[in-house]
Amino acid sequence: MLKLKFYLAIGDLVVFNEIIGFGAFGSVYRAEYKGEVCAAKILKDAANQLMFPTQEPIRDKESKAILKECSFLEKLKHENVIQHITTAIEPRSGSQILVMELMDCSLNKFIPEHRPLDLSLQLTICHGVSSGLHYLHSNDIMRIIHRDLCGDNILLTLPPEVKVKITDFGMSTILDKSVCATFSAVHRKGYLPPEATSDDDFDDDDDSDEETEGKKALHSYHFDIFSLGAVATQTVRSANPFKDKQALEQTFKTIPEDHPLKGIIAECLREDPKQRPQAKVVCEHIAALK
């Protein structure tokens with residue numbers, strides 16, 4: 001476990017010197033809020049400032065990402081979405097600290113310790129992820145596309161009662177948003193749909209009036225559905241994280257033809273975004289198998 005030489009106390013929040021995870025723009029630390037164990041996400045630049053006071057100012061892109069994530073999580077309430085507890089301000093940098101419920105581990109860490117996953121556990125995980133996505137894509141407050149769904153961003157509690165939560169909304173965007181978006185050069189190539197390109201950056205502040213078909217695809221729930229298919233493939237085969245599309249395709253081919261999830265996973269992984277099912281359909285299909 002990686003340790004840092006500092007801890008932070010802000011009112012009722014105490015952040016310990018133990019990193020328990022990493023997000024797109026920040027590190028997640030073990031913490032306590034009002035005496036209850038929790039997790040606290042701090043921007044990488046803000047954490048560096050705590051360690052090295054001469055560090056350069058926080059990058060604007062990182063600051064916007066955590067502001068957006070805080071804004072989203074404050075409004076989202078679902079059993080398969082990580083629960084927001086509070087937001088604190090780090091006094092030195094002025095950066096927001098996102099305080100969330102603490103889970104035991106990510107899917108990427110869970111699989112090596114519990115492989116092979118039995119069918120019941122496979123269904124529990126895949127149903128939890130699809131249920132969370134259905135909520136994000138269809139809730140009345142705001143419909144959200146996650147855009148970074150992968151094994152690192154699926155959090156679990158340990159058996160016997162496994163709970164499943166989607167986390168890390170730093171790359172997320174609002175469905176049907178009028179502004180353009182381009183894809184982030186995030187290190188999740190094996191979970192990305194073919195309509196996403198790895199050499200562009202997410203830019204939800206792009207004020208261009210022109211919206212190409214490729215950019216529109218990044219503001220569609222179809223984006224997340226492909227990633228859901230990749231997560232389900234990883235879960236069913238108890239596989240290591242996919243480094244690229246080829247690894248995903250090769251692993252999918254090893255799923256037995258009679259596996260109850262292979263058909264719906266194949267639909268999620270279709271090349272044509274418009275042919276992929278909605279999260280609701282995937283969720284209902286899996287629920288019927290449980």
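This text goes with the structure placed above it.
Source: prediction; values computed, not measured.

Colleague: Just give me the short version of empty space enclosed by the protein, but keep the residues and values in it.
Modeller: The tally for this structure, following the rule as stated, stands at two cavities of 30 Å³ or more. Estimated volume of the second largest cavity: approximately 40 Å³. Along the walls of the second largest cavity sit Leu228, Gly229, Ala232, Leu261, Ile264, Ile265, Cys268, Val282 and Ile286, which together make up its complete lining. Contributing elements (two or more residues each) for the lining of the second largest cavity: helix 6 (221–236), helix 8 (262–268) and helix 9 (279–289). Here the residues of the lining of the second largest cavity sort into eight nonpolar, one polar and no charged.

Colleague: Tell me what's going on with the pairing of strand 5 (residues 84–89), and back it up with residues and numbers.
Modeller: Alignment of strand 5 against strand 6 (residues 96–100), held across five bridges, turns out to be antiparallel. Each bridged residue has a counterpart across the sheet, and for threonine 86 the counterpart in strand 6 is valine 99. Between strand 5 and the antiparallel strand that follows it, strand 6, lie six residues; glycine 94 among them carries a positive phi value of about 75°.

Colleague: I'd love a proper account of the packing of aromatic side chains, names of residues and values included.
Modeller: In the structure shown here, the tally under the stated rule is one aromatic pair. Centroid distance tyrosine 191 to phenylalanine 242: 5.6 Å. Interplanar angle 40°. Geometry classified as tilted. Taken together, the residues tyrosine 191 in the loop between strand 11 (173–174) and helix 5 (213–217) and phenylalanine 242 in the loop between helix 6 and helix 7 (245–253) connect sequence positions 51 residues apart. The buried category is assigned to tyrosine 191, whose relative accessible area is 3%. Its relative accessible area of 5% is what places phenylalanine 242 among the buried residues. A cation sits over an aromatic face here: lysine 262 above phenylalanine 252, 5.1 Å from the ring centre.

About the criteria used
Residues numbered from 1 in each chain as written. Predicted model: local features only at pLDDT ≥ 70, side-chain atom pairs only at ≥ 80, totals over all residues. Heavy atoms only, no water. 1 Å grid on protein atoms, 1.4 Å probe; cavity = no way out; pocket = protein on both sides within 12 Å on 5 of 7 lines; lining within 4 Å. Points joined across faces, edges and corners; volume = space filled by probe spheres on them. Helix = DSSP H or I, 4+ residues; strand = E, 2+ residues; numbered from the N terminus. Nonpolar A, V, L, I, M, F, W, Y, C, P; charged D, E, K, R; others polar. Pairing = 2+ DSSP bridges. Phe/Tyr/Trp six-rings, centres within 6.5 Å; stacked < 30°, edge-to-face > 60°. Buried < 20%, exposed > 50% of the residue type's maximum accessible area, 1.4 Å probe, protein only. Lys NZ or Arg CZ within 6 Å of the ring centre and 35° of its normal.

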